[in-house]
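Chain residues, written in single-letter form:
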Amino acid sequence: MLLCALLLSCSKDEKEKLMINSTSVSLHSGDTHFITTSNGTNVTFESQNPYIALVNETTGEVTAMTIGTTIIDVYSDQGNAKVEVTVNKKYNTFTEPCKDFTKTRSQIISMYGEPDSETDSGIAYAYDDNVHIADMYIFKNNKIQSSTAIINQDYAIETMKFLLERYWTLGEEDGLYMFVNGHSKETITMAVVMSKMSGYKLYQVMYFPYSSNTRCNIDNIMLDESLLQKFAEFKE
């Protein structure tokens, strides 16, 4: 009788344990994956970091958003479980400029060397690269106001995909493709804007601190004679 009771107890414990189809999953931005249970009742799902991966609360469908790793918590009458979701990068189109807006002009020069172009308001670096043509930094009160990568327009679509797997998109307006580095007003600290450079076969990707009253003139990029010569081959 005691042995029978122990067997029944073990069987009951096994039934009560929540069984899920996987405890970890690897995806790319835009991919989806369903977390399923074989014995769960009243099952709900919650992402610890929706910026990286969203999950439908009731169906368990995971949507990969941006590069990184997060946990999906699974709750049920049978107990709880965790699923690790990793969103891997697919694109390495260019190296993003410095996005630490506390950096000063002298600190940027210390990090990247003497600039190829310099004005009162900013500095720029030109690269011997067919994709990533240049980086530009504009300063205000001796701190980075904006940093900008200049990209060959032949790589505009790839650049868009590069940004989409790193940031949340706010959509397009008047030729400006807008992104943010958070999923809510409380988490957003930076905005990213991609746009065509007038008169050139180039796109600019501008990074600047986000706030509700932020206004950034994307045309306010210094192009002195040395950089104009660098961009000459890209004139339309």
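Counting of residues starts from 1 at the beginning of each chain's written sequence and follows it residue by residue. With pLDDT at 70 or above as the cut-off, local features in this predicted model cover only qualifying residues; side-chain atom pairs require 80 or more to be listed or tallied, and sums for whole chains, interfaces and linings still use all residues. Side-chain measures were taken over the full set of non-hydrogen atoms in the model, leaving aside hydrogen atoms and water.

How should the overall build of the protein chain be read in this particular structure?
By the criteria applied, helices consist of DSSP H or I runs no shorter than four residues and strands consist of E runs no shorter than two, each listed in order from the N terminus. A tally of helices and strands in the protein chain yields four helices and 15 strands. Within the protein chain, buried positions represent 41% of all 236 residues. Whether two residues are in contact is decided by their heavy atoms: any pair within 4.5 Å suffices. Long-range pairs, those at least 24 residues apart, make up 52% of the contacts in the protein chain with a sequence separation of at least 6. Each residue is placed in one exposure class: buried if its accessible area under a 1.4 Å probe, protein chains only, is under 20% of its type's maximum, exposed if it is over 50%, and partly exposed if it falls in between.

Is there a simple way to think about unusual backbone geometry in this case?
For residues besides glycine, phi is generally negative; the peptide bonds are generally trans as well. The phi angle at Asn141 is positive, at roughly 55°, despite the residue not being glycine. Residue placement: Asn141 occurs in the loop between strand E10 (132-140) and strand E11 (143-152). By relative accessible area, which is 70% here, Asn141 ends up exposed. Of note, Asp174 is a non-glycine position whose phi angle comes to about 55°, a positive value. With respect to the helices, strands and loops of the structure, Asp174 is situated in the loop between strand E12 (168-173) and strand E13 (176-180).

In this structure, what is going on with the pattern of salt bridges? I would like to understand it.
Where charged atoms from two side chains of opposite charge approach closely, those side chains can pair. The salt bridge criterion pairs a side-chain nitrogen of Lys or Arg with a carboxyl oxygen of Asp or Glu, the two atoms within 4 Å. All chains considered together, the criterion is met by five salt bridges. For Arg105, the salt bridge is made with Glu118, and the minimal N-O distance between the two is 3.2 Å. Placement of Arg105 in helix H2 (residues 105-112) and of Glu118 in strand E8 (residues 117-118) is noted, with a sequence separation of 13 residues between them. Where Arg166 meets Glu165, a salt bridge forms, and the shortest distance between an N and an O atom there is 2.7 Å. For Arg166, a relative accessible area of 16% gives the class buried.

Please clarify how the packing of aromatic side chains should be interpreted in this entry.
Think of a pair of aromatic rings as described by two things: how far the centres are apart, and how the planes are tilted against each other in angle. Within 6.5 Å between ring centres, the rings of Phe, Tyr and Trp (the latter by its six-membered ring) count as paired, and their orientation is classed by plane angle as stacked under 30 degrees, edge-to-face over 60, tilted in between. Evaluation of the coordinates by the stated rule reveals five aromatic pairs. Their ring planes at 25° and their centres at 6.2 Å tell us that Tyr51 and Trp168 sit as a pair that is stacked. In this pair, Tyr51 sits in the loop between strand E3 (44-47) and strand E4 (53-55) while Trp168 sits in strand E12, placing the two residues 117 residues apart along the sequence. Pairwise contacts between aromatic rings join Tyr112, Tyr125 and Tyr137 into one cluster. Directly above the aromatic system of Phe162 lies the positively charged group of Arg166, at a separation of 3.7 Å from the ring centroid. Sitting over the face of the ring of Tyr200, Lys235 holds its NZ or CZ atom 4.8 Å from the ring centroid. Geometrically, a lysine NZ or arginine CZ counts as sitting over a ring once it is within 6 Å of the ring centre and also within 35 degrees of the ring normal.

I'm lost on H2 in this one. Help?
In an α-helix there are 3.6 residues to a turn, and that puts residues three or four apart on one side. Residues of H2 that are buried include every one of Arg105, Ile108 and Ile109, and no others. Projected down its long axis, H2 shows its buried positions confined to an angular sector of 100°, all on one face. For H2, exposure combined with an orientation more than 90 degrees from the buried face picks out Ser106 and Ser110. Against the buried residues of H2 lie E8, strand E9 (122-126), E10 and E11. Note: the arc covers the axis-to-C-beta directions of the helix.

So yeah, pure geometry; function would need other evidence.
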